[in-house]
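Inside the fold
Spelled out, the chains give:
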Amino acid sequence: MYGQEQQYKVIRSHHLHKASVMQYLERYMSGDDILQLSADVDFPPCMLLRRMLERLIDAPKQAVGEVLRHPERLDAALVPGAPPELIARLRADVVRCVHADCSYSPLSDVAKQATGLEYELYLQQRLAAARLPFWSESELRQLGFHKTPDCKLKVPMAVRTRSGSEHLVCWVDSKATFGDARTHVKQVEEQYATYVNRYGPGMVIYWFGFVESLNTDPLVLLCDDFPEEGAIIRIQDCLADPKAAAAKPQPQPLAAAAKPAAVQPQALDQVQAQAQTQATPAMEPKGGARSTDDAAEPKAVVEGTEPTGGWWVGALSWRGRV
C-alpha cells in the first residue's frame, strides 16, 4: 500500500520536481547528501538521482537506467569534464539510492516482478489441488490469444461467496497487490473488461486485500484468497444433484418448419396458359417479316422441386426477344 501511495504522489508532483532539478543539482554539487536532499524535497531517491544524471550524463536517457542497474558503468566518458571525485561520489550514491528506494529502484522492480510470479505460481498450484483444469497465460499465448488472464479454466466453475451468492467463473487473474479504488478502476479498463468480453465472467484475487465496496461487478468477482473447497461448485456437482437437475429447464422442441406449398400439375398448366395469353405480341422489324427463328415463344421456367417428389414453383421467369 505504501508503494502504491508513493507512486500516486510522484505522478501528481513529478512535473514540479522536474522543473526544479537544476536547483537540486546545485545543492548536491555544494555537498548536500543525496538521501537527505530526497527527504527534504519529498521525492524518491532513485527518481531524484535519475533526473540529476539526465542533466550530467552526455548520453540518451536509456543510459541513465543502465547506470542505475550497473553503477560501475558510470565513468568519465559518460560525464565529460567531471573530476574523478565527483564520479566516485555519484557511483556510491547510486548504490545508496538503489538500496534506500523501495518504490522506484531496480531492486524494487525485481522484487515486484518476483512477487507477482510467485503468486501466479501459487494460484496454479491451488487450481491443480482443487482438480480444476486450466490453461496458463503462457499456454494461451502459444494458442494465439492476445489478451490473456493468468489462468483460463477449461471447464467453468461457480464460486459461492460469504453472502451466499454464486458467481460463474471462466478465468482467474492474480494480483500481488492491494486493490484500492484507483488501482482497480485502471485494471478494469485495461484488463478485466477485455477478459469479460472474450471469455465471460471471471474472478480476480487481490492477495493483499481490497476495498470491499469495489466488489459490485456481477461479472468480475473480487477475492482476497483462493476459494475453499466448499465454496467451489463444479459442473459435474450440479449434474449429480437431483434438485439442480430438476430445476434445470428442459429444452423445448423446435417447431417444424413449414413446407413450401406444392403446385399441382393442373395449376401449373393454367399459370402457363394465362402467361401466354397476357404476353405482348412481338413487333415486326423494319424491312420484312419476322422469321420464326427470331420469334421466341415465352417459356415458363420452374425453379426447385418439392422434397417429396412433387413440383414446387419457387418463381416463374419469362424469356423472350423483341
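In the nomenclature of an unreviewed UniProt entry, the chain corresponds to CDAN1-interacting nuclease 1 from the organism Edaphochlamys debaryana.

Under the counting rule described, the total for this entry stands at seven aromatic pairs. Between Y206 and F210, the ring centres sit 6.4 Å apart and the planes meet at 40°, which makes this aromatic pair tilted. Each member of the aromatic cluster is reached from another via a ring pair, and the members are Y119, Y122, W207 and F208. Sitting over the face of the ring of Y28, R89 holds its NZ or CZ atom 3.8 Å from the ring centroid.

When the pLDDT values of the chain are averaged, the result is 78; 72% of them are 70 or greater. Highest mean pLDDT in the chain belongs to strand β4 (residues 202–206) (97); lowest belongs to strand β8 (residues 316–319) (34). Contacts for the low-pLDDT stretch residues 248–268, under 50 throughout, to residues beyond four places or in other chains number eleven contacts. Across residues 278–322, confidence stays below pLDDT 50; counting only partners more than four residues off in sequence or on other chains, it has 55 contacts.

Looking now at helix α5 (residues 61–69). By the burial criterion, the buried members of α5 are A63, V64, G65, V67 and L68. Of the surrounding secondary structure, the elements contacted by the buried residues of α5 are α4 (45–56), α6 (84–100) and α7 (106–129).

Below, the discussion takes up the nonpolar core. By size, the foremost hydrophobic cluster in this structure holds 30 residues, and its most contacted members are L53, I57 and L74. Elements with a minimum of two residues in this core: α2 (21–29), α3 (34–41), α4, α5 and α6. Broken down by element, the residue count for this core peaks at seven residues, all from α4. Residues within four places of L74 in sequence aside, it is in contact with I57, V67, V79, I87, L90 and R91. Counting residues in hydrophobic clusters, the runner-up holds 18 residues, among them L132, L153, W207 and I232.

Counted according to the given criterion, the structure contains 14 salt bridges. A salt bridge links R73 to E66; its shortest N-O distance comes to 2.7 Å. Residue E66 is classed as partly exposed on the basis of its relative accessible area of 28%. In this structure, a network of salt bridges that share partners links the residues D33, R89, D93 and R96.

What counts as what
Residues numbered from 1 in each chain as written. Predicted model: local features only at pLDDT ≥ 70, side-chain atom pairs only at ≥ 80, totals over all residues. Heavy atoms only, no water. Phe/Tyr/Trp six-rings, centres within 6.5 Å; stacked < 30°, edge-to-face > 60°. Lys NZ or Arg CZ within 6 Å of the ring centre and 35° of its normal. pLDDT = per-residue confidence, 0-100. Helix = DSSP H or I, 4+ residues; strand = E, 2+ residues; numbered from the N terminus. Contact = heavy atoms within 4.5 Å. Buried < 20%, exposed > 50% of the residue type's maximum accessible area, 1.4 Å probe, protein only. Core = buried A, V, L, I, M, F, W, Y, C linked by side-chain atoms within 4.5 Å. Salt bridge = Lys/Arg side-chain N within 4 Å of Asp/Glu carboxyl O.

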